[in-house]
Amino acid sequence: MAVGLAAILSVGLVFLVLAAAAAGLLLWKGPRNAVVGGLTGLALPLFYIAYLNRGGPGDVCRSSSGGQTCTEEYTPIPFLVGGVLLFVAGFVIFLMIERGTRKAPVPGR
């Protein structure tokens, strides 16, 4: 879903529809741990955007076979921090769910 939002002006709408269908399937079929995995998985596009902007902020020029290409890049820090926060939040929620599952009494015993 994060990739769909990042690319909303081009192919993002297709990604958003696919992400909504996958999220619906996870909520309908999968255990609740799968939803937490989806939260953690949202960190991956943010890490990728941070990696793509690793030379920023500002204009970054690179040599190519046809000369030199320059692009304006954002600062990667907000994307990196957002990715780390999502990853850690998903991991902590997963641990809390697992701890609650182990402590819960089994019905019928």
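A brief report on the enclosed structure follows. Only a predicted model underlies this, so the values are computations on that prediction, with no experimental measurement involved. (Residues numbered from 1 in each chain as written. Predicted model: local features only at pLDDT ≥ 70, side-chain atom pairs only at ≥ 80, totals over all residues. Heavy atoms only, no water.)

1. So, the overall build of the protein
Note the following rule: The helix and strand labels rest on DSSP assignments: H or I over at least four residues marks a helix, E over at least two residues marks a strand, and numbering proceeds from the N terminus. When checking whether two residues touch, look at their non-hydrogen atoms; a contact exists if any pair is within 4.5 Å. Calculation of accessible area relied on Shrake-Rupley with a 1.4 Å probe; when residues are assessed, cover is drawn exclusively from the protein chains displayed.
Scanning the protein from N- to C-terminus turns up five helices and two strands. Along the protein, helices and strands appear, N-terminal first, in the series α-α-α-α-β-β-α. Taking as baseline every contact in the protein between residues at least 6 positions apart, the subset at least 24 positions apart corresponds to 49%. As presented, the protein carries roughly 8,200 Å² of accessible surface, and 71% of it is formed by carbon and sulfur atoms.

2. So, the side chain of T40
Mapping T40 onto the fold places it in helix α3 (residues 32–41). Among residues more than four places away in sequence, those in contact with T40 are L86, F87, G90 and F91.

3. Points about the packing of aromatic side chains
Counted only if it meets this: Two rings belonging to Phe, Tyr or Trp (six-membered ring only in the last case) form a pair when the distance between their centres is within 6.5 Å. Interplanar angles under 30 degrees mark stacking, angles over 60 mark edge-to-face geometry, and anything in between is tilted. Throughout this description, the term charge over a ring refers to an Arg CZ or Lys NZ atom that lies within 6 Å of the ring centre and within 35 degrees of the ring normal.
As enumerated under the stated definition, the model contains zero aromatic pairs in all. The ring of Y51 has R54 lying over it, and the distance from NZ or CZ to the ring centre is 4.1 Å.

4. Digging into helix α4 (residues 43–52)
Test applied: Three labels apply to residues, based on accessible area from a 1.4 Å probe with only protein chains included: buried if under 20% of the type maximum, exposed if over 50%, partly exposed otherwise in between. Think of it as the arc spanned by the lines of direction from the helix axis to the C-beta atoms.
Restricting attention to buried positions, one finds in α4 the residues A43, P45, L46 and A50. In an axial view of α4, the angular spread of the buried residues amounts to 165°, which keeps them on one side of the axis. Facing away from the buried side of α4 by more than 90 degrees, the exposed set consists of L44 and Y48.

5. Side note on the pairing of strand β1 (residues 58–64)
Threshold: Note: two strands are recorded as paired if DSSP finds a minimum of 2 bridges between them.
Pairing between β1 and strand β2 (residues 67–73): seven bridges, direction antiparallel. What sits directly across from D59, in β2, is E72. Hairpin geometry of β1 and β2 is characterised by an intervening segment of two residues between the two adjacent antiparallel strands.

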